[in-house]
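# Remarks on the overall topology
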Amino acid sequence: MAVTPDGDQLFGIETASFDSMVVESFSLTTPANRVDLDDGDGEPLGSTVVPQRQEASLTVQMGATSAPPAIGETVEYGSYNVVVTGVDLTEAQADYRRFSITGYIKINA
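As the structure is a prediction and not an experimental result, all values here were calculated from the model.

Turning next to the overall build of the protein chain. Secondary structure summary: the protein chain contains 0 helices and 7 strands in total. Reading the secondary structure of the protein chain in the N-to-C direction produces β-β-β-β-β-β-β. Relative to its 109 residues, the protein chain shows a buried fraction of 24%. Put simply, of all contacts in the protein chain between residues at least 6 apart along the chain, 58% involve residues at least 24 apart. Within the structure as shown, the protein chain displays about 7,200 Å² of accessible surface, and the carbon and sulfur contribution to it stands at 50%.

In terms of nonpolar packing, the biggest core is built from 10 residues, these being Ala 56, Leu 58, Val 60, Met 62, Val 75, Val 82, Val 84, Phe 99, Ile 101 and Ile 105. If you list the elements that add at least two residues to this core, you get strand 4 (55-63), strand 6 (80-93) and strand 7 (96-105). By residue number, the principal contributor to this core is strand 4, which donates 4 residues. In this structure Val 82 touches Phe 26, Ala 56, Leu 58, Glu 73, Thr 74, Val 75, Gly 103, Tyr 104 and Ile 105, once residues within four positions along its chain are discounted.

This part takes up the sheet that holds strand 1 (residues 22-29). Two modes of strand pairing occur in sheets, parallel and antiparallel, and in both the strands are linked by backbone hydrogen bonds. Reading across from one edge, 1-4-7-6-5 is the order of the 5 strands in this open sheet, with antiparallel pairing throughout. In the strand order of this sheet, the two ends are held by strand 1 and strand 5 (74-77), each with one partner. The mean inter-strand angle of the sheet, taken between neighbouring strand axes irrespective of direction, is 35°. Both strand 1 and strand 4 contribute to a ladder of 7 bridges, which runs antiparallel. Bridging from a neighbouring strand, Thr 29 pairs with Glu 55 of strand 4.

A word on the confidence of the model for the protein chain. Should the pLDDT be low somewhere, the predicted coordinates at that spot are not to be read in detail. When pLDDT is averaged along the protein chain, the result is 82; 82% of the residues meet or exceed 70. Per-element confidence in the protein chain ranges from a low mean pLDDT of 88 for strand 5 to a high of 92 for strand 7. Between residues 1-6, whose pLDDT stays under 50, and residues either more than four places distant or in other chains, the model counts 6 contacts.

This part takes up the packing of aromatic side chains. Applying the stated criterion across every chain yields a total of 2 aromatic pairs. Residues Phe 26 and Tyr 77 carry aromatic rings whose centres are separated by 4.7 Å and whose planes lie at 35° to one another, so their mutual orientation is tilted. Placement of the pair is Phe 26 in strand 1 and Tyr 77 in strand 5, with a sequence separation of 51 residues. Aromatic side chains Phe 26 and Tyr 80 sit 5.4 Å apart centroid to centroid with 25° between the ring planes, which places their arrangement in the stacked category. Taken together, the positions of Phe 26 in strand 1 and Tyr 80 in strand 6 put the pair 54 residues apart, joining distant regions of the chain.

Thresholds applied
- Residues numbered from 1 in each chain as written.
- Predicted model: local features only at pLDDT ≥ 70, side-chain atom pairs only at ≥ 80, totals over all residues.
- Heavy atoms only, no water.
- Helix = DSSP H or I, 4+ residues; strand = E, 2+ residues; numbered from the N terminus.
- Buried < 20%, exposed > 50% of the residue type's maximum accessible area, 1.4 Å probe, protein only.
- Contact = heavy atoms within 4.5 Å.
- Areas by Shrake-Rupley, 256 points an atom, 1.4 Å probe, with all protein chains shown as cover.
- Core = buried A, V, L, I, M, F, W, Y, C linked by side-chain atoms within 4.5 Å.
- Pairing = 2+ DSSP bridges.
- Axes fitted to C-alpha atoms, helices over the stretch in contact; angles between N-to-C directions.
- pLDDT = per-residue confidence, 0-100.
- Phe/Tyr/Trp six-rings, centres within 6.5 Å; stacked < 30°, edge-to-face > 60°.

Put into structure tokens, the structure is as follows:
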């Protein structure tokens, strides 16, 4: 694909219109905290790991007339329900926009 200076380059999408999000990439991380356990005298007894919420990151393409998800909104991707915590516009060309969406996986959905 050649890069065109006039903004007509579509991000590899053949059709010129769509009304939903097209997911380019999806990543899922499961962070955890290490907690040190001490006795009453402050002497270490051991450590344990406490898992946190799963964090998700998506890169999506949207048509220029579609509104990106709002912070706090739930976006469904496959079997995951992602509560949106951040939306960043990373690129805009022709009638398309690319967004990076971050959030956490909703539990008990």
